[in-house]
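# Observations on the model geometry
One letter stands for each residue in the lines below.
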Amino acid sequence: GVSTQSYPSSLMGSIALLRQTYLDGDWYKRSGHKKMKNLSLEAWNENATLPQFFRVRDRFEILRADKIAKEFGVTYVYLGNGDEYMRLDAIRKTGAALVIPVDFPAAFDVQDPFDAMQANLADMKHWELAPTNLAVVSNNEIPFAITSKSDPKLFWENLKLSIQYGLDEKEALKALTLTPAVFLGMDKELGSLDNGKLANFIICDENVFIGNGVILENWTLGERN
């Protein structure tokens, strides 16, 4: 649209607008198209068959969005925030798949006693447990992919830290290759080295997950770069 309004800005308003859009789209598909022409609702319905990714700010929003998904019979893949371990049982029961960043909080500077007093227990526990998030999600058999949407310079460092905290290397590789392809419905073309698939891969001089491996070659669509 072309509206300059910022509404809705509240969580309640955003949820109401999303639910209303689903209802409007369903109405337009059934009978509304006979009464009016609405390009936005047409696009909404045409895109409904594409993979649906839902960005959330914390673990609670996964549970809220899951209620909307079940109400309207849709499936979301949630782009999480790295705190899924805090509500793991509830998230697992949703049957949802996750895309998780490896973005960990920095250590607190507590040299100044006043600053130390301001650090609360919840934040300190998250600093301690955040690197375990991927391992915990994997061990509970929740489908997940790993994203580098956070600071790319810290991606490998944080990924190695996740492996040190229990993430299996094979699961890490799968979450970077095959699982993203599955989420996109492209696993027949991408995600693994199989006959007939697009040849996208790297060659390293050693294990990049635990050592200081160097990428020697990068192949895209069967072409060496």
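The following paragraphs examine the structure supplied in this document. None of the values given here were measured: they were computed from a predicted structure.

Reading guide: rules and limits
Residues numbered from 1 in each chain as written. Predicted model: local features only at pLDDT ≥ 70, side-chain atom pairs only at ≥ 80, totals over all residues. Heavy atoms only, no water. Helix = DSSP H or I, 4+ residues; strand = E, 2+ residues; numbered from the N terminus. Buried < 20%, exposed > 50% of the residue type's maximum accessible area, 1.4 Å probe, protein only. Contact = heavy atoms within 4.5 Å. Core = buried A, V, L, I, M, F, W, Y, C linked by side-chain atoms within 4.5 Å. Pairing = 2+ DSSP bridges. Salt bridge = Lys/Arg side-chain N within 4 Å of Asp/Glu carboxyl O. Axes fitted to C-alpha atoms, helices over the stretch in contact; angles between N-to-C directions. Parallel < 35°, antiparallel > 145°, perpendicular 65-115°, else oblique. Left-handed = near helix turned anticlockwise from the far one by under 90°.

## Topic: the side chain of T179
- Note on placement: T179 falls in helix α10 (residues 178-183).
- Relative accessible area serves as the criterion here: at 10%, T179 is assigned to the buried category.
- Contact partners of T179, with chain neighbours within four places excluded, come to F144, A145 and K174.

## Details of the nonpolar core
- Grouped together as the largest cluster of nonpolar side chains are 32 residues, with contacts concentrated most on Y78, L98, F144, I146 and L167.
- When contributions to this core are tallied by element, the ones reaching two or more residues are α3 (59-72), β2 (76-79), α4 (88-94), β3 (97-101), α7 (133-139), β4 (144-147), α8 (155-164) and α9 (169-176).
- Here this core takes five residues from α3, the largest share from any one element.
- Contact partners of L167, with chain neighbours within four places excluded, come to L134, A135, S138, F144, I146, L159, S162 and A172.

## Examining unusual backbone geometry
- Even without glycine at this site, E141 takes up a positive phi of about 60°.
- Along the chain, E141 turns up in the loop between α7 and β4.
- Positioned with a positive phi, L221 is a non-glycine residue whose angle comes to about 50°.
- Structurally, the position occupied by L221 is in the loop between β6 (215-220) and β7 (223-224).
- With relative accessibility at 56%, the residue L221 sits in the exposed group.

## Some points on the sheet that holds β7
- On the basis of which strands lie adjacent, the open sheet formed by three strands has the order β5-β6-β7 and antiparallel pairing. Only two strands of the sheet have a single partner each, and these edge strands are β5 (201-204) and β7.
- In this structure, β6 lies alongside β7, joined through two bridges in antiparallel fashion. Along β7, the bridge assignment pairs W219 with R224.

## So, the pattern of salt bridges
- Summed over the entire model, instances satisfying the criterion amount to ten salt bridges.
- As a salt-bridge pair, K197 and D194 come within 3.4 Å of each other at their nearest N and O atoms.
- Linking R224 and E217 is a salt bridge whose minimum nitrogen-to-oxygen distance equals 3.5 Å.
- Overall, the relative accessible area of 53% leaves R224 in the exposed class.

## Quick look at the pairing of β4
- Of the two faces of β4, the one carrying F144 and I146 and the one carrying A145 and T147 are both buried.
- As paired strands, β3 and β4 are joined by four bridges and run parallel to one another. Each bridged residue has a counterpart across the sheet, and for I100 the counterpart in β4 is I146.

## Examining the packing of helix α1 (residues 11-30) against α3
- Orientation of α1 relative to α3, taken along the N-to-C sense of each, is 20°, at an axis distance of 11 Å. By the angle between their axes, α1 is roughly parallel relative to α3. Once α1 is placed against α3, the crossing between them reads as right-handed. Across the interface between the two elements, L11, I15, L18, R19, Y22 and L23 from α1 touch E61, R64, I68, E71 and F72 from α3.

So, to be careful, I would describe these as geometric facts and stop short of saying anything about function.
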